[in-house]
Amino acid sequence: MRLYTLTNKHGLKATVTNFGATLVSLEVPDRQGKLADIVLGYDDVSGYEKGKAYFGGSIGRYGNRIASGRFSLNGKTYQLALNDGANHLHGGTRGFNHVEWNARMLSGQSVEFHYTSKDGEEGYPGTLTVGVTYTLTDNNEVRIDYSAKEGPGKDTIVNLTNHSYFNLTGNPQITIVNHELTLHASRFTPIDAGSIPTGELRDVKGTPFDFTSAAAISARIGQQDEQLKFGRGYDHNWVIDRKSPGLVKAAEVFEPTSGRLIEVYTTEPGIQFYSGNFLDGTEKGKGGQVYAFRSGFCLETQHYPDSPNKPNFPTTTLKAGQTYTSTTIYRFSTR
Ligand code: GLA
């Protein structure tokens, strides 16, 4: 595991590693200008190798779930690993977050990773060459650019994301439930008991999933609600409101005590807001600390879960010879 350090002119600092093309640490200032690391992670590579929480990793070939790990493409059925109950999750037993990538520093603020996923790897068709570039801009943004291209001429499916867990207090011993969330999304994709979307795009109005104006994560998370029960809290895909393709603002999260604000921009159609419901204090993280229930949250920009089996969702098929691109920006400031 090699570490690459990115710094910008305001003193922000990010470290990334070629193992899993993972964001390891991210130091951003609070409203007093005090830097703190606001992402969860491990101290060494064995943490990332054994870890089950996907801390900071680049997720693929297919981020999120595929029902029964099965899908059909061009009349052929493919069976992937079932690593999440009866379903496939985050690329399988050895997803992109668990492999070594090639790295190339582009500048002191940018590093590019490459990985070639072989035809048949984790059951996916086609050889896929994947690129992930992290850039720490002078606008206090972590910009992640993804690209992917299939090699010898087979169509495949792709859905890449980043699985950073944020805690904007800078102290993951404090839960994230008082963070205030806005999601620029008037619909979400409800799930079944196995967290697979039903195919419906449901209006958030009048539900605990309405974050169209800012609300504390805690405000409605404890409500009696079938969707919250299925997700053990929030662990759902929202349909980002957009009028045209390109980068749009999908989310923002404000942490009142530190004043830190994160804004998320993406070219993707969806965003998974996950409130850290499976963190249970069993994994040892940075500095030997443990991460308890809801001590971090994720905002995973993505195509909707189980798209290969949902003809009404935007397609995740990558045709042979075509190039997939996707960009997500996490912008940091204070209020
Ligand atoms: C994703 C999933 C969650 C959980 C985490 C990792 O966000 O949607 O259900 O599996 O990854 O723990």
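Residues numbered from 1 in each chain as written. Predicted model: local features only at pLDDT ≥ 70, side-chain atom pairs only at ≥ 80, totals over all residues. Heavy atoms only, no water.

Caption draft 1: Expanded view of the overall build of the protein chain. Looking only at helices and strands, one finds three helices and 26 strands in the protein chain. For a compact globule of 335 residues, the expected C-alpha radius of gyration is about 20 Å, and the protein chain comes in at 19 Å, within 12% of that figure. On the principal axes, the C-alpha backbone points of the protein chain span a range of 60 × 50 × 40 Å. Taken across its 335 residues, the protein chain has 58% of its residues classed as buried. (Helix = DSSP H or I, 4+ residues; strand = E, 2+ residues; numbered from the N terminus. Rg over C-alpha atoms; globule rule 2.2 N^0.38 Å. Buried < 20%, exposed > 50% of the residue type's maximum accessible area, 1.4 Å probe, protein only.)

Caption draft 2: Here's a closer look at the nonpolar core. Tyr 134, Leu 183, Trp 238 and Leu 299 are the most contacted members of the largest nonpolar core, which has 59 residues in total. Here this core gets five residues from one element, more than from any other, and that element is strand β12 (residues 128–136). Among residues more than four places away in sequence, those in contact with Leu 183 are Phe 211, Thr 212, Trp 238, Ala 250, Ala 251, Ile 271, Phe 273 and Leu 299. Core analysis: the next-biggest nonpolar cluster, separate from the first, contains twelve residues, Phe 19, Tyr 165, Leu 279 and Tyr 291 among them. (Core = buried A, V, L, I, M, F, W, Y, C linked by side-chain atoms within 4.5 Å. Contact = heavy atoms within 4.5 Å.)

Caption draft 3: Molecular detail of the packing of aromatic side chains. Under the criterion given, the structure shown has 27 aromatic pairs. Ring centres of Phe 166 and Tyr 330 lie 5.2 Å apart, and the angle between their planes is 55°; this geometry places the pair in the tilted category. One end of the pair, Phe 166, is in the loop between β15 (161–162) and β16 (180–183); the other, Tyr 330, is in strand β26 (residues 323–334), and 164 residues separate them in sequence. Assigned by exposure class, Phe 166 and Tyr 330 land together as buried. An angle of 85° between the planes, with centres 5.4 Å apart, marks the rings of Phe 209 and Tyr 234 as edge-to-face. Linking Phe 209 in the loop between β18 (202–203) and β19 (215–216) with Tyr 234 in the loop between α3 (226–231) and β20 (235–239), this pair joins segments that are 25 residues apart in sequence. Of the two residues, Phe 209 and Tyr 234, neither departs from the other in class, the shared state being buried. Of the aromatic side chains, those joined through ring pairs into one cluster are Phe 166, Phe 188, Phe 209, Phe 211, Tyr 234, Trp 238, Phe 273, Phe 297, Tyr 330 and Phe 332. A cation over a ring is seen here: Arg 335 above Phe 254, with NZ or CZ 5.5 Å from the ring centre. (Phe/Tyr/Trp six-rings, centres within 6.5 Å; stacked < 30°, edge-to-face > 60°. Lys NZ or Arg CZ within 6 Å of the ring centre and 35° of its normal.)

Caption draft 4: Region of interest: the side chain of Arg 65. The residue Arg 65 is located in strand β6 (residues 65–66) in this model. Only 2.7 Å separates the side chain of Arg 65 from the side chain of Asp 84, close enough to count as a polar contact. With residues up to four places along the chain from it excluded, the contact list for Arg 65 reads Asp 84, His 88, Leu 89, Gly 194, Ser 195, Ile 196, Asp 235, Pro 305 and Asp 306. (Polar contact = N/O pair within 3.5 Å; in protein donor to acceptor, adjacent residues only side chain to side chain.)

Caption draft 5: Up close: the site of the ligand. Near the ligand the following residues occur: Tyr 54, Arg 65, Leu 89, His 90, His 163, Tyr 165, Asp 235, Gln 272, Tyr 274, Phe 278 and Glu 300. In the model, an oxygen atom of the ligand is placed 3.0 Å from a nitrogen or oxygen of the His 90 side chain. With respect to the ligand, the side chain of Asp 235 contributes an N or O atom lying 2.4 Å from an oxygen atom. Coverage of the ligand by the protein amounts to 94% of the 300 Å² it exposes when considered alone. Residues that form the shell around the ligand fall into these classes: five nonpolar, three polar and three charged. (Near = heavy atom within 4 Å. Areas by Shrake-Rupley, 256 points an atom, 1.4 Å probe, with all protein chains shown as cover. Nonpolar A, V, L, I, M, F, W, Y, C, P; charged D, E, K, R; others polar.)

Caption draft 6: Region of the structure containing the pattern of salt bridges. Using the criterion set out here, one finds twelve salt bridges in the structure. Of the charged contacts, one joins Arg 65 and Asp 84 as a salt bridge, the two residues approaching to 2.7 Å between their closest N and O atoms. Here Arg 65, found in strand β6, pairs with Asp 84, found in the loop between β8 (76–79) and β9 (88–89); they are 19 residues apart in sequence, far enough to count as distant. Counted as one network, the salt bridges with shared partners bring together Lys 249, Glu 252, Glu 263 and Arg 335. (Salt bridge = Lys/Arg side-chain N within 4 Å of Asp/Glu carboxyl O.)

Caption draft 7: Highlighting the environment of Tyr 304. Structurally, Tyr 304 is set in the loop between β24 (298–302) and β25 (317–318). Taking relative accessible area as the criterion, Tyr 304 reaches 6% and is therefore assigned buried. Taking C-alpha positions, Tyr 304 is 31 Å from Thr 334, a pair spaced 30 residues apart along the chain. Excluding residues within four positions of it along the chain, Tyr 304 makes contact with Tyr 62, Asn 159, Thr 189, Leu 201, Asn 237, Val 239, Pro 269, Gly 270, Phe 313 and Pro 314.

Caption draft 8: Broad picture of the side chain of Ser 307. Among the structural elements, Ser 307 can be located in the loop between β24 and β25. Given the relative accessible area of 5%, Ser 307 is considered buried. For Ser 307, the side chain forms a polar contact with the main-chain oxygen of Tyr 304, separated by 2.5 Å. Once you skip the residues sitting within four places of it in the chain, Ser 307 turns out to touch Tyr 62, Phe 313, Pro 314 and Thr 316.

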